[in-house]
Amino acid sequence: NNVLYNNRKLFLSVILWFTTYELMGVVGGTIAFLHFPRTPDEQPIALPDYGYDIIPYFCPYIPYIPHGNLQSFILMIFY
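All values reported here derive from a predicted model rather than from experimental measurement.

## Things to note about the overall build of the protein
Now for step 1: Assigned secondary structure in the protein consists of 4 helices and 0 strands.
Now for step 2: In the protein, the succession of α and β elements from N to C terminus is α-α-α-α.
Now for step 3: Classification of the 79 residues of the protein by burial places 3% in the buried group.
Now for step 4: With the model as given, the accessible surface of the protein reaches about 7,900 Å², and the carbon-plus-sulfur share is 70%.

So, in structure tokens, the structure goes:
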């Protein structure tokens with residue numbers, strides 16, 4: 001009983017995090033499923049690239065970065 005009392009904020013945080021994580025998975029997955037176009041084909045069609053429309057793929061070439069692409073390098077650091 002003392003362990004639960006001393007760590008009540010931790011347990012509450014874990015329960016809230018797990019609940020919101022599961023809700024995001026269910027609601028987000030449902031929304032994504034409903035936005036996919038329906039086709040009779042076995043292979044899905046390519047989805048539009050809205051990110052490219054908002055921010056075009058332009059990144060300067062930097063010689064000492066792997067593949068010369070700064071965006072890929074930064075994403076690999078975050079990965």
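## Brief notes about a nonpolar patch on the surface
Now for step 1: Taken together, the side chains of Phe-73, Ile-74, Leu-75, Ile-77 and Phe-78 make up a nonpolar region of the molecular surface, amounting to roughly 550 Å² of accessible area.
Now for step 2: Here Phe-73 is to be found in helix H4 (residues 70-78).
Now for step 3: Classification of Phe-73 by relative accessible area gives partly exposed; the value is 34%.

## Considering the confidence of the model for the protein
Now for step 1: Confidence along the protein averages 75 in pLDDT terms, with 70% of residues attaining 70 or more.
Now for step 2: Ranking the helices and strands of the protein by mean pLDDT puts helix H2 (residues 8-35) first, with 85, and helix H3 (residues 50-54) last, with 65.

## Focus on the packing of aromatic side chains
The description of an aromatic ring pair rests on the distance of the ring centres and on the angle between the ring planes.
Now for step 1: Scanning the entire structure with this criterion turns up 1 aromatic pair.
Now for step 2: Summarising the aromatic geometry, the rings of Trp-17 and Tyr-21 are spaced 4.9 Å apart at their centres and angled 15° between planes, so their arrangement reads as stacked. Taken together, the residues Trp-17 and Tyr-21, both in helix H2 and 4 residues apart, mark about one turn of the helix.

Conventions adopted
- Residues numbered from 1 in each chain as written.
- Predicted model: local features only at pLDDT ≥ 70, side-chain atom pairs only at ≥ 80, totals over all residues.
- Heavy atoms only, no water.
- Helix = DSSP H or I, 4+ residues; strand = E, 2+ residues; numbered from the N terminus.
- Buried < 20%, exposed > 50% of the residue type's maximum accessible area, 1.4 Å probe, protein only.
- Areas by Shrake-Rupley, 256 points an atom, 1.4 Å probe, with all protein chains shown as cover.
- Patch = residues over 30% accessible without salt bridge, like charges linked within 9 Å, V, L, I, M, F, W, Y side chains within 5 Å.
- Salt bridge = Lys/Arg side-chain N within 4 Å of Asp/Glu carboxyl O.
- pLDDT = per-residue confidence, 0-100.
- Phe/Tyr/Trp six-rings, centres within 6.5 Å; stacked < 30°, edge-to-face > 60°.

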